[in-house]
Amino acid sequence: MNHWVKAVSIVSVLGMMSLAAGCGSTGGAKPASSASPAAASSAKKELKVACIATYPPFVYRDTEGKIIGFDVDITKAVAKELGASVVYESMPFNEMVPALVSNKADIAVAAVDMTQDRADKVDFSNIYYSKENVSILSRKEDNKIKGPEDLKGKKVAVEKGTVYVETAKQYGAEVKEYDYHDQLIKAVEDNEADALILDKPVARFYLSHGASDKLKQAGIINGSGGFVMMISKKDEGLRDQVNDALDTLMKNGEYDKIYDRWFSDENISKIPDMKK
């Protein structure tokens, strides 16, 4: 399957938002075949990448403590195209934008949605992952939650700083915010919350790696858009370099290989477990 085709279609839909947000090219327009002079002059030997290493299969620590995942493989592949190495630092999601603004990070990856508030502070890459539906998980014995409309009045665990804070509020939930995604799972397991909201691939990972002992899928919220890398505005040309590299990965088949490694049905239960 050519996942890039799907991603391009999503970018085209969001094109107007990207322009309003002050971003450069969207996925609807092909990146330049070579980096601009500004991009070339700003080439880095090392990319500092902020991430949240509790969001499998996008970014997480395996049982040996190594940071791995889809976003990790994609950023490594991008860095290779740029002739750079990568250093990762895990932090809570709501600390990523400040890290980019203060020049403590060059790029941030963590299943990031494009929002106007973020666009005022950082640049966005083209969409590199088209967003699937969002999962609601509840305890296995709870039969009252069967969809988003049932979240009204319920305690719903979400990650701080994500769009799902507002999503939960829109459905009338009592929002409980946590720094890390494994805390969401534990909150529901321990009856601190009635349900949680996670991106579908992340929910699939947790259910396939032990969470199904206590939790179940309790509904779907329709997803749209896609995930982007946040990029420091202070590094002139880096966004163009990243977009050119992503374009190359999409065209040479490397992106599809990475995608299938982490998201194909036959691999989801085989990919490494996360550190407890």
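Conventions we followed
- For every chain, the first residue of the written sequence is number 1, and numbering continues from 1 onward in sequence order.
- The model is predicted, so local features are restricted to residues of pLDDT at least 70 and side-chain atom pairs to those at 80 or more, both for listing and for counting; the totals for chains, interfaces and linings are taken over all residues.
- Water and hydrogen atoms play no part in the side-chain values, which are based on all heavy atoms of the structure.
- Angular values range over 0 to 180 degrees, each being the angle between N-to-C directions of two axes fitted as lines to C-alpha atoms, with helices fitted over their stretch in contact.
- Put simply, DSSP H or I for four residues or longer makes a helix, DSSP E for two residues or longer makes a strand, and each gets a number counted from the N terminus.
- For classification purposes, an angle smaller than 35 degrees is called roughly parallel, one larger than 145 roughly antiparallel, one from 65 to 115 roughly perpendicular, and anything else oblique.
- Crossings are sorted by hand: turned counterclockwise from the far helix by less than a right angle, the near helix makes the crossing left-handed, and turned clockwise it makes it right-handed.
- Contact between two residues is taken to exist if any of their heavy atoms lie within 4.5 Å; hydrogens are not considered.
- Each residue gets one label: Ala, Val, Leu, Ile, Met, Phe, Trp, Tyr, Cys and Pro are nonpolar, Asp, Glu, Lys and Arg are charged, and the others, such as Gly, are polar.
- Cavity means a closed set of points on a 1 Å grid over the protein atoms alone, one where a 1.4 Å probe fits but cannot get out, pocket means an open set with protein on both sides within 12 Å along at least 5 of 7 lines, and lining means a residue has an atom within 4 Å of a point.
- Grid points are joined across faces, edges and corners, and a volume is the space filled by probe spheres set on the points.
- Side-chain atoms within 4.5 Å are what join buried Ala, Val, Leu, Ile, Met, Phe, Trp, Tyr and Cys residues into a set we call a nonpolar core.
- Accessibility here uses a 1.4 Å probe with only protein chains present; expressed as a share of the type maximum, an area under 20% marks a residue as buried, one over 50% as exposed, and anything in between as partly exposed.
- Only centres within 6.5 Å qualify two rings of Phe, Tyr or Trp (six-membered ring in Trp) as a pair; their planes then separate them into stacked at under 30 degrees, edge-to-face at over 60, and tilted for everything else.
- What makes two strands pair is DSSP finding at least two bridges between them.
- Salt bridge, as used here, is a side-chain nitrogen of Lys or Arg placed within 4 Å of a carboxyl oxygen of Asp or Glu.

A. Quick peek at the packing of helix α4 (residues 70–82) against helix α11 (residues 254–263). Contact geometry for α4 and α11: axes closest at 9 Å, N-to-C directions at 165°. One finds that α4 runs roughly antiparallel with respect to α11. Along this stretch, α4 crosses α11, giving a crossing that reads as right-handed. Of α11, the residues touching α4 (which contributes F70, D73, I74 and A77) are Y255, I258, Y259, R261, W262 and F263. Residue classes in the contact of α4 with α11 are distributed as 8 nonpolar, no polar and 2 charged.

B. Just the layout of surface pockets, in detail. Roughly 220 Å³ of internal volume is contained in the second largest pocket. Those elements that provide at least two residues to the lining of the second largest pocket are α8 (181–189) and α9 (200–208). Top element by residues in the lining of the second largest pocket is α8. It accounts for 4 residues. Residue classes in the lining of the second largest pocket are distributed as 5 nonpolar, 2 polar and 6 charged.

C. Structural view of the nonpolar core. By size, the foremost hydrophobic cluster in this structure holds 76 residues, and its most contacted members are F58, F70 and Y128. Of all the elements, α4 adds the most residues to this core, at 7 residues. Once residues within four sequence positions are removed from consideration, F70 is found in contact with P57, F58, Y128, Y129, Y255, I258, Y259, W262 and F263. One finds I145, V158, Y164 and I197 within the second-largest nonpolar core, a separate group that totals 14 residues.

D. Representation of the packing of aromatic side chains within the structure. Going through the model one piece at a time under the given rule, you end up with 18 aromatic pairs. On the basis of an interplanar angle of 85° and a centroid distance of 5.4 Å, the ring pair of F58 and F227 is categorised as edge-to-face. Here F58, found in the loop between β2 (54–55) and β3 (59–61), pairs with F227, found in strand β14 (residues 226–231); they are 169 residues apart in sequence, far enough to count as distant. The same class applies to F58 and to F227, which are both buried. Ring geometry for F70 and Y259: centres 6.3 Å apart, planes at 90°, overall edge-to-face. In this pair, F70 is assigned in helix α4 and Y259 in helix α11, connecting sequence segments 189 residues apart.

E. Representation of the sheet that holds strand β10 (residues 155–159) in the model. Strand order in the open sheet made by the 5 strands is β11-β10-β12-β9-β13, with mixed pairing throughout. In this open sheet, the two edge strands, each paired with only one partner strand, are β11 (174–178) and β13 (215–221). For this sheet, the mean angle separating the axes of adjacent strands, direction not counted, is 30°. Bridge analysis of strand β9 (residues 134–139) against β13 gives 6 bridges, and the strand direction is antiparallel. Among the inter-strand pairings, V134 is bridged to a residue of β13, identified as I221. Relative to strand β12 (residues 195–199), α8 is tilted by about 150°, and along the sheet it contacts β9, β10, β11, β12 and β13.

F. Up close: the pattern of salt bridges. In this structure the tally under the stated criterion is 11 salt bridges. For K160, the salt bridge goes to D179, with nearest N and O atoms at 3.4 Å. Taken together, the positions of K160 in the loop between β10 and α7 (164–170) and D179 in the loop between β11 and α8 put the pair 19 residues apart, joining distant regions of the chain. With a relative accessible area of 29%, K160 lands in the partly exposed category. We note a salt bridge from K251 to D247, for which the minimum N-O separation is 3.0 Å. With K251 and D247 both in helix α10 (residues 238–252) and 4 residues apart, the pair spans about one turn of that helix. Its relative accessible area of 7% is what places D247 among the buried residues. Where salt bridges share partners, they join D123, K233 and R239 into one cluster.

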